[in-house]
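For reference, the chains in residue letters:
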Amino acid sequence: MYNIVSAIFLAENIKKIEIKAPRIAKKRKAGQFVMIRVSENGERIPLTIADSDPEKGTVTIIVQGMGKSTIELNGKEAGETIHDIVGPLGTPSHIEKFGTAVSIGGGVGTAIAYPTAVALKKAGNYVITINGARTKDLVILENEMKAVSDEAYITTDDGSYGFHGFVTQKLQELIDSGRTIDYVLAIGPIPMMRAVAEVTRPYGIPTVVSLNPVMVDGTGMCGGCRVTVENEIRFACVDGPEFDAHKVDFKNLSDRNRMYLGEERQSSETASHKCRIGHQQ
Ligand code: NAD
Ligand code: FES
């Protein structure tokens, strides 16, 4: 059992949870993830580590309550426990001094863009962050992103805060202004990552995305997380989760992620009493 040290909602349905896991806190690097089981018979949920404190021995994850297990996890409070947490897993982000690096977080993907922005800044890059959400109330980690950025932009789809439009429109505006961009990292929903790849492709700007396929074991054994990159099968849990955005087959990723929607819906319905508790937070 692992203790939850703190748990707070950052936005509706999006919770920041700090878990005592000293060995993971000591070892983890930007871009890596953990597999969590909330209860003994629960499914394993892959979650990227948003932050860690090696001295306190804690890791922080940011969870969007979308299916049965993430809603159950979001129902947990400080002082409660989760059944197990395994990690750090995955290949760390490739970090070097690129020059000007743009880190883009779409919605809850900002939780993953943030630690990589921190690492890019530490490596001496000029860091620009673009933090996009559908509306003002869904913007997360605004202060944290600002603190590691040389330039920080917020975008909202409805124009309720910051730049009115998608993250890709802000990126295009930066490119059109004629400045040199040496590296782009984009993390968020699949349509967003695909759109970022198409913005940077004509300019040959190296672009990396963090993929979120269905995962089961997280160690390269089950094949569940296979993705197609440059016409080759790769396993996101061990070869990734970060890949060259210009080589990813996003359609295949999106089709595979839809494969279990029926089962997920059924599972959420069977546990509907838990869902109501999660929504009351
Ligand atoms: P969202 O749908 O609210 O989108 C967030 C932002 O992404 C938008 O504000 C917009 O700026 C941009 N965006 C969305 N669609 C776009 C498009 N077609 N073109 C250009 N920009 C676009 O995001 P959300 O609800 O927070 O995200 C939920 C999804 O993100 C889930 O499907 C979840 O699985 C996925 N996700 C992925 C990762 C990952 O590792 N890649 C991490 C967390 C969440
Ligand atoms: Fe099983 Fe990646 S999750 S191979």
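Residues numbered from 1 in each chain as written. Chains lettered and ligands numbered in written order. Predicted model: local features only at pLDDT ≥ 70, side-chain atom pairs only at ≥ 80, totals over all residues. Heavy atoms only, no water.

Caption draft 1: A look at the overall build of the protein chain. Along the protein chain, the regular secondary structure elements total 10 helices and 16 strands. Computed over C-alpha atoms, the radius of gyration of the protein chain comes to 18 Å, within 12% of the 19 Å expected from 2.2 N^0.38 for 281 residues, which places it in the range of a compact globule. Going through the 281 residues of the protein chain one by one, you find that 50% of them count as buried. For the protein chain, restricting intrachain contacts to residue pairs at least 6 apart in sequence, the fraction spanning at least 24 positions comes to 65%. Of the roughly 13300 Å² that the protein chain leaves accessible, carbon and sulfur atoms contribute 49%. (Helix = DSSP H or I, 4+ residues; strand = E, 2+ residues; numbered from the N terminus. Rg over C-alpha atoms; globule rule 2.2 N^0.38 Å. Buried < 20%, exposed > 50% of the residue type's maximum accessible area, 1.4 Å probe, protein only. Contact = heavy atoms within 4.5 Å. Areas by Shrake-Rupley, 256 points an atom, 1.4 Å probe, with all protein chains shown as cover.)

Caption draft 2: Up close: the environment of Ala147. Relative to the helices and strands, Ala147 is located in helix α4 (residues 142-147). For Ala147, a relative accessible area of 68% corresponds to the exposed category. The spatial distance from the C-alpha of Ala147 to the C-alpha of Gly109 is 18 Å, given a sequence separation of 38 residues.

Caption draft 3: Molecular detail of the packing of aromatic side chains. Under the defined criterion, the tally for this structure stands at one aromatic pair. A ring pair is formed by Phe98 and Tyr183, whose centres lie 4.0 Å apart and whose planes are at 5 degrees; its orientation type is stacked. Highlighted residues: Phe98 in the loop between β7 (84-89) and β8 (100-106) and Tyr183 in strand β12 (residues 183-187), separated in sequence by 85 residues. The ring of Tyr161 has Lys136 lying over it, and the distance from NZ or CZ to the ring centre is 5.1 Å. Positioned over the ring face of Tyr153 is Lys170, at 4.3 Å from the centre of the ring. (Phe/Tyr/Trp six-rings, centres within 6.5 Å; stacked < 30°, edge-to-face > 60°. Lys NZ or Arg CZ within 6 Å of the ring centre and 35° of its normal.)

Caption draft 4: The site of ligand 1, seen in detail. Near ligand 1 lie 23 residues; those nearest to it are Val108, Arg134, Asp157, Ser210 and Asn212. Here an oxygen atom of ligand 1 sits 3.5 Å away from a polar atom, N or O, in the side chain of Gln64. At a separation of 3.1 Å, an oxygen atom of ligand 1 approaches a polar backbone atom of Val167. Burial of ligand 1 by the surrounding chains reaches 79%, relative to a free accessible area of 850 Å². (Near = heavy atom within 4 Å. Polar contact = N/O pair within 3.5 Å; in protein donor to acceptor, adjacent residues only side chain to side chain.)

Caption draft 5: How the structure looks around the side chain of Thr155. Mapping Thr155 onto the fold places it in strand β10 (residues 151-156). Among all residues touching Thr155, those that are not within four sequence positions of it are Ile130, Asn131, Gly132, Ala133, Tyr161, Phe163, Gly165, Phe166, Val167 and Lys170.

Caption draft 6: Up close: the sheet that holds strand β4 (residues 45-53). In space, the seven strands of this open sheet follow the order β6-β1-β2-β5-β4-β3-β7, with antiparallel pairing throughout. Each of the sheet's edge strands pairs with one partner strand only, and the pair in question is β6 (81-82) and β7. For strand β3 (residues 33-37) and β4, the ladder comprises four bridges, and the chain directions are antiparallel. By the bridge assignment, Ile36 is partnered in β4 with Ile45. Along the sheet face, helix α3 (residues 110-122) touches β4 and β5 (58-64) and points at about 40 degrees away from the line of β4. (Pairing = 2+ DSSP bridges. Axes fitted to C-alpha atoms, helices over the stretch in contact; angles between N-to-C directions.)

Caption draft 7: Looking closely at the sheet that holds strand β9 (residues 126-133). Reading across from one edge, β11-β10-β9-β8-β12-β13-β16 is the order of the seven strands in this open sheet, with mixed pairing throughout. What marks the edges here is a single partner per strand, and that holds for β11 (163-164) and β16 (242-244). In this fold helix α6 (residues 190-200) packs onto β8, β12 and β13 (207-210), with an angle of close to 165 degrees to the strand it touches most, β12.

Caption draft 8: Structural view of the environment of Ala245. Of note, Ala245 is situated in the loop between β16 and α8 (250-257). Under the relative-accessibility criterion, Ala245 is labelled buried at 0%. Sequence separation of Ala245 and Glu198 is 47 residues, and the distance between their C-alpha atoms is 8.9 Å.

Caption draft 9: Up close: α6. When α6 is considered as a whole, its buried residues turn out to be Ile190, Met192, Met193, Val196, Ala197, Val199 and Thr200. Close packing links the buried residues of α6 with β8, α5 (167-176), β12, β13 and α8.

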